[in-house]
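Structure assessment
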Amino acid sequence: MSPNIEWTTAGSVAMPDIQPCFLDAWISLVAGDHGFSVGKLRYIFCDDEEILRINREFLQHDYYTDIITFDYTRRNRVSGEMFISLDTVASNAESVGATFQRELLRVIIHGVLHLCGVNDKGPGEREIMERHENEALDRLQAFLIGLSNENSD
């Protein structure tokens, strides 16, 4: 069964330049690496004001963030909604010297890793999350190279 991944926007935010078919396959690979299959996932791209509203309303947090993940995972099938602030992704990319696209991919997979049980709030957990993010980004690069090689044969 193919994953049911929805990519949408909230408010006046424009859809970022993504290729859902590649991302869907990548997300499935990464979830599989962690022992999960992909159920229904919904990515909602928004701006800082929307992410702040969601953070206040649902988490009682009064700050901006790059992603808020609502986990609906059952057993070994990841499922959830992920709100991503494109404003914060852009400012984070600038502050770490990354491209917007790479930072967006990192945040996209960050949400999936949370659904797979990888945490980042406790002692030493941030480093573990970063390692998993980097492994997932490397996996995407290898996946795309593999596709490129298949198409050149």
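To be clear, the structure that these remarks concern was listed above.
Report follows, based on the coordinates. (Residues numbered from 1 in each chain as written. Predicted model: local features only at pLDDT ≥ 70, side-chain atom pairs only at ≥ 80, totals over all residues. Heavy atoms only, no water.)

**Some points on the pairing of strand β1 (residues 4-9)**
As a reminder, the rule being used: A pair of strands is treated as paired once DSSP finds two or more bridges between them. Only DSSP runs of H or I covering at least 4 residues are called helices, and only runs of E covering at least 2 are called strands; the numbering of each starts at the N terminus.
Inspection of the sheet shows β1 paired to strand β2 (residues 37-46) by six bridges, in the parallel sense. Directly across from E6, in β2, lies its bridge partner R42.

**Observations concerning the pattern of salt bridges**
For the record, the criterion: Salt bridges are defined by distance alone: a side-chain nitrogen of Lys or Arg within 4 Å of a carboxyl oxygen of Asp or Glu. Summary of the burial criterion: residues with accessible area below 20% of their type's maximum are buried, those above 50% are exposed, and those between are partly exposed, where the area comes from a 1.4 Å probe applied to protein chains only.
Within this structure, the stated rule accounts for 14 salt bridges. Close ionic contact of R53 with E50 constitutes a salt bridge, the shortest N to O distance being 2.8 Å. Of the two residues, R53 and E50 are both situated in helix α2 (residues 48-59); the distance of three residues between them amounts to about one turn of the helix. Residue classification places R53 among the partly exposed positions, given a relative accessible area of 39%. E50 gets classed as partly exposed once you look at its relative accessible area, which sits at 21%.

**Regarding the nonpolar core**
Worth spelling out the cut-off: For this analysis, a nonpolar core means a set of buried residues of the types Ala, Val, Leu, Ile, Met, Phe, Trp, Tyr and Cys, connected via side-chain atoms within 4.5 Å. Here a residue-residue contact requires only that any non-hydrogen atoms of the pair lie within 4.5 Å.
In terms of nonpolar packing, the biggest core is built from 34 residues, with W7, W26, I27, Y43, F45, I84 and I108 touching the most fellow members. At the level of elements, β1, α1 (20-33), β2, β4 (77-85), α3 (86-96), α4 (100-115) and α5 (125-152) are the ones that each hand at least two residues to this core. If you tally residues by element for this core, the top one is α4, at eight residues. Ignoring anything within four residues of it in the chain, the contact list for W26 reads L105, I108, I109, A136, L137, R139 and L140.

**Topic: the sheet that holds β1**
Two strands in a sheet stick together by hydrogen bonds in their backbones, pointing the same way (parallel) or opposite ways (antiparallel). Using the following cut-off: Fitted lines through C-alpha atoms give the axes, limited to the stretch in contact for helices. The angle between two N-to-C directions lies from 0 to 180 degrees.
Read from one edge to the other, the open sheet built from four strands follows the order β1-β2-β4-β3, with strand pairing classed as mixed. One side of each edge strand has no neighbouring strand; the edge strands of this open sheet are β1 and β3 (67-71). Each strand of the sheet is rotated relative to its neighbour by a mean of 15 degrees, with strand direction disregarded. Relative to β4, β2 runs parallel, the two sharing eight bridges. Residue pairing for β4: S37 is matched across the bridge by R77. Against the sheet, α1 engages β1, β2 and β4, with an angle of about 130 degrees to β1. The sheet contacts of α2 involve β2, β3 and β4, and relative to β3 the element is tilted by about 45 degrees.

No statement about biological role is implied by the geometric values presented.
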